[in-house]
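In case you want the letters, here they are:
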Amino acid sequence: EVAAAAGFGGRRRDSHWLLAACRAADCAAKLGHEAIAAHLREQLLPYAGRQVVLGRVATISIGSAARYVGLAEAAAGRTDAAVEQLEAAIADNTRWGARPWAAQAELDLAELLRRRAADGDRERAAGLTERARATATELGVAFVAARAAS
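In what follows, the accompanying structure is described.

The rules behind the values
Residues numbered from 1 in each chain as written. Predicted model: local features only at pLDDT ≥ 70, side-chain atom pairs only at ≥ 80, totals over all residues. Heavy atoms only, no water. Helix = DSSP H or I, 4+ residues; strand = E, 2+ residues; numbered from the N terminus. Contact = heavy atoms within 4.5 Å. Areas by Shrake-Rupley, 256 points an atom, 1.4 Å probe, with all protein chains shown as cover. Core = buried A, V, L, I, M, F, W, Y, C linked by side-chain atoms within 4.5 Å. Buried < 20%, exposed > 50% of the residue type's maximum accessible area, 1.4 Å probe, protein only. Phe/Tyr/Trp six-rings, centres within 6.5 Å; stacked < 30°, edge-to-face > 60°. Salt bridge = Lys/Arg side-chain N within 4 Å of Asp/Glu carboxyl O.

1. A short note on the overall build of the chain
Next up, step 1: Check the secondary structure of the chain and you find eight helices and two strands.
Next up, step 2: Secondary structure elements in the chain, listed N-terminal to C-terminal, are α-α-α-β-β-α-α-α-α-α.
Next up, step 3: Contacts spanning at least 24 positions in sequence make up 58% of the contacts within the chain whose residues lie at least 6 apart.
Next up, step 4: Counting every atom, the chain has about 7900 Å² of accessible surface; 54% of that belongs to carbon and sulfur.

Rendered as C-alpha cells:
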C-alpha cells in the first residue's frame, strides 16, 4: 500500500521491476484492491506478451505477464479483457513449455468463468480445471493440484 500510495513511482525499471509489478498485481487482485490493480494493469499491459523472469540470465520465471495483466483486469472489473489476457497467458505459457504456469492461468481463467457464469462458462471452467489438475499431477506440482481440487 505504501508503494501504491506513491503511484509506484521511484522504482527503476530494472531486471527486478517486471517481476515485482506482476507480484503486486497478483496481490492486489487477491486482496480486492481495484484501484491498485487498475493502476498496475496500465503499467503491465505493454509487457503482456513477455515471459517474466528474474535476473539477467533468467534464473526464475513466473510465466507470461499476460496472466498478471488478466488478474489485474479481473480485479478492476474488466471481465472480458481479463478473459482475453488469461487466454493469452495460457497460450504463451504452453508455447514456451512453462506448463506449471499454464496450469495456474487455466485455474485463474476457470475461476473467472465460474464467476461470470455466461452460457458455456461453467462447462469450459470444468474442462480448464481438469486440464490444470492433470498437468499438476503429472508434473508433481502439489500446490497447483490442490488448488485445482478446491
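2. As for the nonpolar core
A general trend in soluble globular proteins is that nonpolar side chains are found buried together.
Next up, step 1: Counting 36 residues, the largest nonpolar core has Leu18, Cys22, Leu44, Val52, Ile62, Tyr68 and Leu109 as the members making the most contacts within it.
Next up, step 2: Ignoring any residue separated from it by four or fewer positions in sequence, one finds Leu109 in contact with Val83, Leu86, Glu87, Ile90, Arg124 and Leu128.
Next up, step 3: Formed by eight residues, the second largest nonpolar core is a distinct cluster that contains Ala103, Leu107, Val144 and Ala148.

3. Quick look at the packing of aromatic side chains
Next up, step 1: Throughout the structure, instances matching the rule amount to one aromatic pair.
Next up, step 2: On the basis of an interplanar angle of 55° and a centroid distance of 5.4 Å, the ring pair of Trp17 and Tyr47 is categorised as tilted. You can see Trp17 sitting in helix 2 (residues 17–31) and its partner Tyr47 sitting in the loop between helix 3 (34–44) and strand 1 (51–54), a full 30 residues away along the chain.
Next up, step 3: A relative accessible area of 5% places Trp17 in the buried class.

4. Some words on the environment of Ala145
Next up, step 1: You can see Ala145 is positioned in helix 8 (residues 142–149).
Next up, step 2: Between the C-alpha atom of Ala145 and that of Ala134, which follows or precedes it by 11 residues, the distance is 7.8 Å.
Next up, step 3: If we skip the residues at most four places from it in the chain, Ala145 touches Ala136 and Thr137.

5. A word on the pattern of salt bridges
Next up, step 1: Applying the stated criterion to the full structure yields 15 salt bridges.
Next up, step 2: One salt bridge in this structure joins Asp108 and Arg147, with 2.4 Å as the shortest N-O distance. Taken together, the residues Asp108 in helix 6 (residues 99–116) and Arg147 in helix 8 connect sequence positions 39 residues apart.
Next up, step 3: Among the charged side chains, a salt-bridge network with shared partners connects Arg41, Glu42, Glu73 and Arg78.

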